[in-house]
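# Geometric and topological summary
One letter stands for each residue in the lines below.
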Protein chains: 2
Amino acid sequence: PCSPRQRSLVGTFAVDRVGPWRYTFAGWIDGFATWFHGLTKKMAADQDVTMDLLIGADLVEQAAHTAADRDVLWYWVHRLRSAAVGVAADVLASDLPTMMARSPDRRLTSLCPQIWPVWVDRAKARYSTWYELFPRSCGEPGHHGTFADCAKQLPYLANLGFDVLYLPPIHPIGTTFRKGKNNTLTAAPEDVGVPWGIGSAEGGHKAIHPQLGTLADFRALQAKAATSGIEIALDVAFQCSPDHPYVQSHPQWFRHRPDGTIQYAENPPKKYQDIYPIDFETDDWENLWAELLSVMEYWVQQGVKIFRVDNPHTKAFPFWEWAIAEIHRRDREVLFLSEAFTRPKLMYRLAKLGFTQSYTYFTWRNTKWELENYFTELTQSPVREFFRPNLWPNTPDILPEALQKGGEPAFKLRVALAATLGASYGIYGPAYELCENRPIAEGKEEYGHSEKYEIKAWDWQSPHSIARWIAALNRIRREHPALHRNESLRFHAIDNEQLLAYTKQTDDLGDVILVVANLDPFANQAGWLDLPLESLGVDPYRPYQVHDLLAHTHYDWYGGRNYVELNPHHQPVHVFHVVSSPGHG
Amino acid sequence: PCSPRQRSLVGTFAVDRVGPWRYTFAGWIDGFATWFHGLTKKMAADQDVTMDLLIGADLVEQAAHTAADRDVLWYWVHRLRSAAVGVAADVLASDLPTMMARSPDRRLTSLCPQIWPVWVDRAKARYSTWYELFPRSCGEPGHHGTFADCAKQLPYLANLGFDVLYLPPIHPIGTTFRKGKNNTLTAAPEDVGVPWGIGSAEGGHKAIHPQLGTLADFRALQAKAATSGIEIALDVAFQCSPDHPYVQSHPQWFRHRPDGTIQYAENPPKKYQDIYPIDFETDDWENLWAELLSVMEYWVQQGVKIFRVDNPHTKAFPFWEWAIAEIHRRDREVLFLSEAFTRPKLMYRLAKLGFTQSYTYFTWRNTKWELENYFTELTQSPVREFFRPNLWPNTPDILPEALQKGGEPAFKLRVALAATLGASYGIYGPAYELCENRPIAEGKEEYGHSEKYEIKAWDWQSPHSIARWIAALNRIRREHPALHRNESLRFHAIDNEQLLAYTKQTDDLGDVILVVANLDPFANQAGWLDLPLESLGVDPYRPYQVHDLLAHTHYDWYGGRNYVELNPHHQPVHVFHVVSSPGHG
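Here's a quick rundown of the structure. (Residues numbered from 1 in each chain as written. Chains lettered and ligands numbered in written order. Predicted model: local features only at pLDDT ≥ 70, side-chain atom pairs only at ≥ 80, totals over all residues. Heavy atoms only, no water.)

Right, let's get into the packing of aromatic side chains. One pair of aromatic rings is described through two measures. These are the centre distance and the angle between the planes. Summed over the entire model, instances satisfying the criterion amount to 94 aromatic pairs over all chains. Residues Trp285 of chain B and Trp289 of chain B carry aromatic rings whose centres are separated by 4.9 Å and whose planes lie at 65 degrees to one another, so their mutual orientation is edge-to-face. In this pair, Trp285 of chain B and Trp289 of chain B are both assigned in helix 10 (residues 285-301), four residues apart and thus about one turn of the helix distant. Among the residues examined, Trp285 of chain B registers a relative accessible area of 37% and is labelled partly exposed. In textbook terms, an aromatic cluster arises when at least three aromatic residues are bridged by ring pairs, as seen for Phe238, Phe280, Trp285, Trp289, Phe307, Phe319, Trp320, Trp322, Phe336 and Phe355 of chain A. The lysine or arginine in question, Arg17 of chain A, covers the ring of Trp21 of chain A, its NZ or CZ lying 4.7 Å from the ring centre. One cation-aromatic arrangement involves Lys352 of chain A over Phe386 of chain A; the distance from NZ or CZ to the ring centre is 4.6 Å. (Phe/Tyr/Trp six-rings, centres within 6.5 Å; stacked < 30°, edge-to-face > 60°. Helix = DSSP H or I, 4+ residues; strand = E, 2+ residues; numbered from the N terminus. Buried < 20%, exposed > 50% of the residue type's maximum accessible area, 1.4 Å probe, protein only. Lys NZ or Arg CZ within 6 Å of the ring centre and 35° of its normal.)

Moving on, we get to the pairing of strand 22 (residues 543-548) of chain B. Residue and element names in this part refer to chain B. Where strand 22 and strand 23 (residues 553-558) come together, six bridges link them in antiparallel fashion. Looking across to strand 23, one finds that Asp548 is bridged to Thr553. Turn length for the strand 22-strand 23 hairpin, with the two strands adjacent in sequence and antiparallel, is four residues, and the turn residue His552 shows positive phi of about 60 degrees. Pairing of strand 22 with strand 25 (residues 573-579), which is carried by four bridges, proceeds in the antiparallel orientation. Looking at strand 25, one finds that His547 is bridged to His577. (Pairing = 2+ DSSP bridges.)

With that settled, the discussion passes to the pattern of salt bridges. Working definition: two side chains of opposite charge can pair if their charged atoms are close together. Counted under the stated rule, the structure contains 66 salt bridges over all chains. With its nearest N and O atoms 2.9 Å apart, the salt bridge here joins Asp90 of chain B to Arg79 of chain B. Residue Asp90 of chain B is located in helix 4 (residues 87-93), and its partner Arg79 of chain B is located in helix 3 (residues 70-82); the two are separated by eleven residues in the primary sequence. Residue Arg255 of chain B pairs with Asp279 of chain B through a salt bridge whose shortest N-O separation is 3.5 Å. Of this pair, Arg255 of chain B sits in the loop between helix 9 (245-249) and strand 9 (265-267) while Asp279 of chain B sits in the loop between strand 11 (276-277) and helix 10, and the two are 24 residues apart along the sequence. For Arg255 of chain B, a relative accessible area of 43% gives the class partly exposed. Residues joined in a network through salt bridges with shared partners are Lys42 and Asp52 of chain A together with Glu266 and Lys271 of chain B. (Salt bridge = Lys/Arg side-chain N within 4 Å of Asp/Glu carboxyl O.)

See below:
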């Protein structure tokens with residue numbers, strides 16, 4: 001028996017176009033490397049290597065018949081055959097191993113019988129910064145906002161550094177069983193309804209809510225956004241209001257109750273009489289699938305390249321697999337964000353079926369233990385190979401308790417964690433930057449006076465806005481490629497349960513970011529941080545600097561162990577650029 | 001979005017015969033369970049459920065057409081349709097869910113397109129206790145031992161509690177380049193040679209070394225062993241001495257050097273001139289494979305059902321996959337132990353190709369950190385699904401440093417760890433129970449005066465033998481089914497780096513074993529142990545007992561935190577039977 005040893009064989013290939021790729025594995029025995037290794041050992045042990053030189057000559061001759069370096073190889077064949085004094089030493093000092101590695105003897109190659117597909121997305125799949133906005137709240141006070149009003153906020157969003165503007169459904173909203181303010185059962189005449197209650201006499205999923213504007217207005221918004229480097233993402237919510245044209249034209253796509261009425265959505269004891277779910281078990285599923293696909297195709301034709309998909313886990317999984325592949329056959333640039341807040345297995349399955357990104361549990365992960373465990377799973381386990389997290393500290397549906405209770409420090413903390421833990425993250429604004437923290441009721445995680453049910457008049461320029469904090473975070477993201485990926489994320493020891501410390505870095509260590517966050521929004525917290533300097537490319541025996549990119553100060557550190565203190569009311573998070581040697585970076 | 005929740009769906013099936021099985025997965029939506037869940041919620045919220053009862057009637061009627069319980073189901077169909085007062089409450093209190101679960105609506109079943117094979121072995125694959133013995137050392141002093149001499153030791157082995165007796169190769173041993181005592185290059189005329197140097201004029205892998213006896217003698221040994229519940233395992237070492245008949249009859253099965261001689265085994269700078277490796281890259285591989293398979297078939301015909309395979313990782317992997325399948329086509333009872341001390345990937349690959357058990361790194365894992373990490377990997381990661389570890393504290397090739405330095409306490413410790421961490425383990429004896437600890441040289445992990453090169457005269461009845469310790473461990477193993485599997489292994493917190501604590505238990509918690517080991521063979525060690533009592537089936541609010549199965553004493557404990565102290569010179573390991581309530585067990 002030989003003693004155990006560990007070695008990883010890793011292969012890489014560069015992908016130079018977006019779309020489908022396939023790969024497999026091949027293995028062969030490197031007879032020359034084995035021989036060279038043995039020769040080295042024998043020379044070191046002063047053994048006779050005459051026979052080895054002859055064996056080596058045969059190996060090199062085999063390659064010399066076809067290799068690009070054939071002239072040099074033939075030279076070595078003759079020298080090895082000569083078995084002259086000094087040949088072995090010359091071989092050991094030569095670049096023969098490099099040349100031979102270029103001409104491997106692959107006659108006995110083992111080819112893996114399986115071929116793996118991999119889909120290559122454009123870079124925004126990996127690194128994106130989202131802002132969710134209700135255009136109807138962008139108008140003058142007392143007026144229903146339009147796409148044109150929304151366009152006026154584009155400079156604000158660009159200034160904050162967002163590159164995806166995601167709009168809740170822009171389609172006509174039903175009136176039957178329309179919900180009133182604060183999710184009440186009866187709507188007043190002036191109530192605007194929930195954008196997810198899609199469809200009215202004015203049209204369904206391919207139509208635009210008349211109060212928002214026309215298709216031309218939408219395209220103008222897209223064009224203007226593009227000039228600011230912002231893409232518009234649309235919501236794909238495959239459900240219908242009772243007034244949706246499908247209800248009349250395709251009643252077979254809905255489930256009927258024994259009394260002949262259509263079954264509305266339920267999550268007992270909750271009832272959603274304003275929403276009819278689509279019955280994916282319908283016998284007419286082929287026509288249904290074709291129609292739903294045509295909805296997405298229609299918007300792709302209008303220039304939409306990003307979809308946020310509402311509750312995909314409540315629809316048939318084979319539909320998504322087929323529909324995403326069909327869209328990708330027509331346009332490889334299209335990205336899909338899965339809003340599946342459900343069990344991990346299902347979230348991961350949707351990623352494997354083709355969804356580009358997914359919402360995550362970040363929204364409810366607050367303690368050091370929770371954050372370290374969850375993000376270690378997402379970035380270090382096999383999950384990282386197929387699942388791209390998109391981190392949201394809030395959504396129109398979710399005002400987490402941590403934000404309700406923690407005030408401005410909590411809002412600053414949670415967005416800073418999202419922006420640095422996740423290469424992709426998003427906020428629902430302006431509720432976020434205005435630190436809107438009033439729930440509908442104590443103990444509930446829903447917004448009071450939710451924008452889902454009414455038009456809001458936001459004080460965009462409020463002096464209490466944390467827009468500048470967010471703008472700074474997004475600027476840091478843009479300038480630091482270490483934050484454009486998640487694989488390098490590593491948590492580090494810090495002797496305070498309220499302090500979280502982690503780094504991200506580029507493969508070449510050219511950019512190293514260290515984040516230290518105070519998870520306690522109420523009190524000062526301090527602790528000693530332990531950094532594995534060598535893995536960060538820092539010489540542990542020389543001084544180095546950490547530049548606080550938010551406070552524009554820097555600290556001179558020496559060695560792996562350093563003191564950190566954070567006052568949440570002043571600055572709940574340090575985002576440090578680690579600079580190996582003063583003068584760099 | 002719904003809030004995240006975790007649920008595992010687990011399916012099981014019983015296997016009632018040894019051999020090949022295939023399985024797949026099917027999934028369907030349980031419409032009735034969904035309905036029942038909704039009804040429960042709506043009743044709790046005092047909602048009108050008239051429509052729900054009609055929907056439920058349709059679901060039950062669907063099942064009533066075919067179900068075994070059809071009479072009862074029809075009764076419920078009529079009651080549900082009646083929508084009478086109290087029906088809903090009666091349904092909730094009924095066993096309708098159980099009946100409906102027996103008749104699932106599988107019209108929309110999703111069947112996984114893949115079918116997985118699984119090989120089911122006899123129980124000894126999972127739970128086995130091995131003893132490696134050189135029969136030639138079983139004779140009278142000054143005489144070469146025979147199978148008949150070996151048979152005389154069977155009562156001793158049975159008394160120690162071993163159920164597999166593994167013999168090093170029993171074939172004729174070559175004389176050309178035979179190694180002398182202590183692995184010297186030149187053998188004296190009386191030197192007996194290495195059993196792994198297989199083949200001489202007297203025959204090859206199907207022959208028996210004449211000094212051991214005849215085929216009839218071997219079969220007599222097997223028969224006598226069987227009466228003691230002991231199976232004989234043979235060594236499969238596919239390599240040849242220069243005197244092996246294959247060298248003349250099939251020179252094409254060996255690699256030739258440029259001077260026409262056959263290439264002997266090398267691990268530069270080490271040379272093994274007495275061993276010719278077989279060239280699995282030979283063009284004549286089909287005849288080679290057939291011949292090697294015929295060797296194993298021959299011994300299976302002689303009643304051998306267990307093979308220990310020497311260095312399988314240095315032979316072609318497709319050969320093993322094919323050969324093991326071929327043997328299993330003829331006899332499903334045959335087990336294969338892989339002696340592959342190599343990289344984990346290769347060890348695991350051999351397990352997937354068909355090897356029943358494998359040697360492990362246990363031999364070199366000594367510290368708490370090493371043992372906890374390694375056995376957590378083997379028993380809690382996916383490795384446990386395909387890899388069955390067999391733990392050896394020593395082998396004729398390996399006298400680990402821990403045994404050289406630690407004296408009798410180390411020998412007692414390491415065999416107790418092997419016997420309780422591994423459902424299968426083995427020792428090379430009598431070197432083990434006699435605590436033979438002299439290496440060939442300081443810093444080497446090989447035996448001095450190794451039995452590989454000479455006949456040993458063992459003092460089987462030495463007063464210093466730890467045979468009784470081993471017999472007690474093996475008796476505990478037999479009596480405690482918790483030790484017959486590895487999946488339940490869990491390590492527990494104990495506040496001393498020299499103390500290791502772990503439990504194993506049966507699924508029904510009917511048998512719970514707690515081991516606390518002092519890893520320090522020199523000094524007393526004590527600490528406080530923390531046990532998760534509920535997961536062991538122990539009521540944390542009642543006293544319980546731990547019975548020391550080695551010392552035949554017991555302790556009354558209360559709560560999860562208890563004090564343990566171990567003097568290595570007296571008893572380095574506690575093996576406790578955890579008894580929930582005094583009077584049991």
